[in-house]
Amino acid sequence: MNDCPRCGYNLTGLPEVYRCPECGIDYDPDTEVFTLQVGRPEYRNLRYGLILALLVCYMAIHAGLGPPYILLAPIGIGMLAEIYRLSRKCFESNFLILNQNGIRLDAPESGSRTFSWESVSKAKYGWLTGKFYVQGCDGTRLLACSHERLGSARLTRRCATAINRQISKRK
Ligand SMILES: [Zn+2]
């Protein structure tokens, strides 16, 4: 592996099975990382917020930055900064990591959970129901959620396929 599949850090010269010195994930040659997208409602709000913030900035600039419109400029910039912070949180903090330890889901609101390869039997995505789940060897559902929580339907299907491919490879 040349670059860390999560953060892109150059891993040249490091062991095949190791830990990324930059972001700390364990990796081996088969490691796959999926960056998960935020649920649609939050994404939509973020987009409206961005339009509003740009409008406020535009008004401040258009008014020649004279009083009292000059007061709008810091508000608009503050809004943009907050949107940037939120979008980073939404788009960069959710990861599905398939590595030597198992299936790991990193989500800021529910914490990090890892399921070992020995404990899982298959992943399934029902395109009709929109439900994604990982089934344990004892038949229980270890992880179940709608595809909105992982991102798009396409991404969820890719995650399920990758998990099943890795299950057959690693068991
Ligand atoms: Zn890394």
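To be clear, the structure that these remarks concern was listed above.
Counting from 1, residues in each chain are numbered in the order their sequence is written. Given that the model is predicted, a residue must reach a pLDDT of at least 70 before its local features are reported, and side-chain atom pairs must reach 80 or more before they are shown or counted; all residues, however, enter totals for whole chains, interfaces and linings.

*Asks:* Please set out the pairing of strand β7 (residues 120-126) residue by residue, giving values where relevant.
*Replies:* Two strands qualify as a pair provided that DSSP identifies no fewer than 2 bridges between them. In this description a helix means any DSSP run of H or I spanning at least four residues, a strand means any run of E spanning at least two, and both kinds are numbered starting from the N terminus. Pairing analysis gives six bridges linking β7 to strand β8 (residues 131-136), with the strands arranged antiparallel. For G126, the partnering residue across the bridge sits in β8 and is K131. A loop of four residues connects β7 with β8, the two strands running antiparallel in sequence, and G130 in this loop sits at a positive phi of about 75°.

*Asks:* Please set out the environment of W127 residue by residue, giving values where relevant.
*Replies:* Its location among the elements puts W127 in the loop between β7 and β8. Residues W127 and R157, spaced 30 residues apart in sequence, show a C-alpha to C-alpha distance of 8.2 Å.

*Asks:* Break down the sheet that holds strand β9 (residues 141-146) for me, citing the residues and quoting the values.
*Replies:* To summarise the sheet geometry, strands pair through backbone hydrogen bonds and adopt either a parallel or an antiparallel arrangement. In space, the three strands of this open sheet follow the order β7-β8-β9, with antiparallel pairing throughout. What marks the edges here is a single partner per strand, and that holds for β7 and β9. Going across the sheet, the axis of each strand differs from the next one's by a mean of 10°, ignoring polarity. Working definition of a contact: two residues with C-beta atoms, positioned from the backbone, lying within 7 Å. With axes taken as lines fitted to C-alpha atoms, and helix axes fitted only over the stretch in contact, angles between N-to-C directions fall between 0 and 180 degrees. Packed on one face of the sheet, helix α4 (residues 153-170) meets β7 and β8 and runs near 160° to β7.

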